Amino acid sequence: MASASSSSLLYFLAFLLIIIVFHLLLKLVRLSTHVIKKEKKKKSSYAGDELPLPPGTMGWPYIGETFQLYSQNPNVFFASKQRKYGPIFKTHVLGCPCIMISSPEAAKFVLVNRAHLFKPTFPASKERILGPQALFFHQGEYHAKLRKLVSRAFMPDSLKHMVSSVEAIALDSLGSWEARSGLINTFQEMKTYAFNVALLSIFGKDETKYGEELKSCYYILEKGYNSMPINLPGTLFHNSMKARKELARILSKIILSRRQRKLEDEDYNDLLGSFMGDKTSSLTDEQIADNIIGVIFAARDTTASVLTWILKFLGENPSVLKAVTEEQEYVARNYKERCDEGLCWADTKKMPVTSRVIQETLRVASILSFTFREAVEDVEYQGYLIPKGWKVLPLFRNIHHSPEIFTDPDKFDPSRFEVAPKPNTFMPFGNGSHSCPGNELAKLEILVLIHHLTTKYRWSSMGQQNGIQYAPFPLPINGLPIRLSLKPTSPHQFL
Ligand SMILES: *[C@@H]1O[C@H](CO)[C@@H](O)[C@H](O)[C@H]1NC(C)=O
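Where an unreviewed UniProt entry is consulted, the protein chain appears under the name (+)-abscisic acid 8'-hydroxylase, with the organism given as Stephania yunnanensis. Quoted verbatim from the Subcellular location (unreviewed entry) heading of the UniProt record, the comment on the protein chain is "Membrane". Annotation of the protein chain in UniProt includes, under Pathway (unreviewed entry), the sentence "Plant hormone degradation; abscisic acid degradation."

A short note on the site of the ligand
Close contacts around the ligand come from Lys108, Val112, Pro423, Asn424, Phe426, Met427 and Asn431, and that covers them all. Separating an oxygen atom of the ligand from a backbone N or O atom of Asn424 is a distance of 2.7 Å. Residue Asn431 places a side-chain N or O atom 2.4 Å away from an oxygen atom belonging to the ligand. In the complex, 58% of the free accessible area of the ligand, which totals 360 Å², lies under the protein chains. Its residues assigned to classes, the shell around the ligand comprises 4 nonpolar, 2 polar and 1 charged.

Brief notes about the pattern of salt bridges
Across all of its chains, the model carries 21 salt bridges by this definition. Across the pair Arg249 and Glu246 runs a salt bridge whose closest N-O atoms are separated by 2.6 Å. In this pair, Arg249 and Glu246 are both assigned in helix α11 (residues 236-261), 3 residues apart and thus about one turn of the helix distant. The class for Glu246 is partly exposed, based on a relative accessible area of 29%. A salt bridge links Glu374 to Lys391; the nearest nitrogen and oxygen atoms lie 2.9 Å apart. Residue Glu374 is located in strand β5 (residues 373-375), and its partner Lys391 is located in strand β8 (residues 391-394); the two are separated by 17 residues in the primary sequence. Note on accessibility: Glu374 and Lys391 belong to one class, buried. Each of Lys119, Glu374 and Lys391 takes part in one network of salt bridges that share partners.

Cut-offs used in this document
- Residues numbered from 1 in each chain as written.
- Predicted model: local features only at pLDDT ≥ 70, side-chain atom pairs only at ≥ 80, totals over all residues.
- Heavy atoms only, no water.
- UniProt positions renumbered as here; feature names shortened; annotations may be inferred.
- Near = heavy atom within 4 Å.
- Polar contact = N/O pair within 3.5 Å; in protein donor to acceptor, adjacent residues only side chain to side chain.
- Areas by Shrake-Rupley, 256 points an atom, 1.4 Å probe, with all protein chains shown as cover.
- Nonpolar A, V, L, I, M, F, W, Y, C, P; charged D, E, K, R; others polar.
- Salt bridge = Lys/Arg side-chain N within 4 Å of Asp/Glu carboxyl O.
- Helix = DSSP H or I, 4+ residues; strand = E, 2+ residues; numbered from the N terminus.
- Buried < 20%, exposed > 50% of the residue type's maximum accessible area, 1.4 Å probe, protein only.

Below, the structure written as structure tokens:
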């Protein structure tokens, strides 16, 4: 552990040195061409036809304002900038000039109305780890084709068949927590739960056969995700790249065995079935692997983080917990009256109180604080220039915490969602053609877990109560350690 971190420090210093030398060289080149350029510019531009950039500051060369961003909670940086400059401002972070936007109108402009002018963009190292052919790195025809296949697997019609399997995974998780004398780390356990549900949605019935193998590879892969992208033996990044090759190999094996069994496509409602069943555009094994790894990545830590926040907020708000528990007990009485063992799809649609708790948690926690786009050409927005190649970041968290949109925004109050939010003011899953296609699955697995948790168990948080950590999603400090126990069975449950 220690040697790994000191070697990555060395790499980092070397990397920094290269940047500084490169920067000095560039300065020299610039200096020599400066005079000529200036002459040319005078001739080609007419006064008045150049739009101004949005307000804001760019910080130091290369480093920009990255230190200001990371020396504190990033949301404080965004919020103070917004107070100073308004809903559109420029800055320079992580090596890129950026335009930050934080009004519903601007978000709609970038994500929906003019989406074709703003392509999704990720650091190259993340693309290499997740797989360059995963849908979120693409635009146009390839993206549309994949999105159709992914959406098909996550549509209510497909999810309907999954409810009892998700329920089995939820009951299994809760049982295993209790078996460990109830002392658990909420985030760690929710990650396992979300991982198992993701595998179920991808591989359906085959899930259990490959689960452990896939899990151990994926855990190595994710360790390198936020490391320095240097592919040399011994680095976390290198291990990650090796793990992703291994994952691709396992996936090819699964694909091959499905092909050999030559079952009808109808037998598979899962994501892999959707990818493989598409005869017209037949995806390569590599494309399928990249997209499956991408889906696991997009589905796991996000959902686990939301579930962790829900437990925290329910624990802190006894009256809300009481309302949720009553709603869930009512649902349970209903299916017992029908002589069903558990939940069906229709039951999950009759949980308005719990659904509002999910919405309010998504708003307050805003686990994806923002998304990245890049302008594909010079774009004008409200009299400002968004230059080609600049990053554009819609700041979801700022919108979700705007006092003009949500009164008393830091307060956890699910009843505010009794009135539907206005368009583009509440976008936990984004909006437009790159919005999250798995949102229905996420809601389903959260509802199912909350159902069994609140009807059968009680819990209290252990250790430090307040504080947020970034992993990189905001999380209750230390992942919310809790003690969980079965509720004493109350006599009215037998009536
Ligand atoms: C997405 O944008 C469309 C068009 O502006 C809007 O009708 C819709 O409500 C938006 N979705 C969300 C979640 O805000």
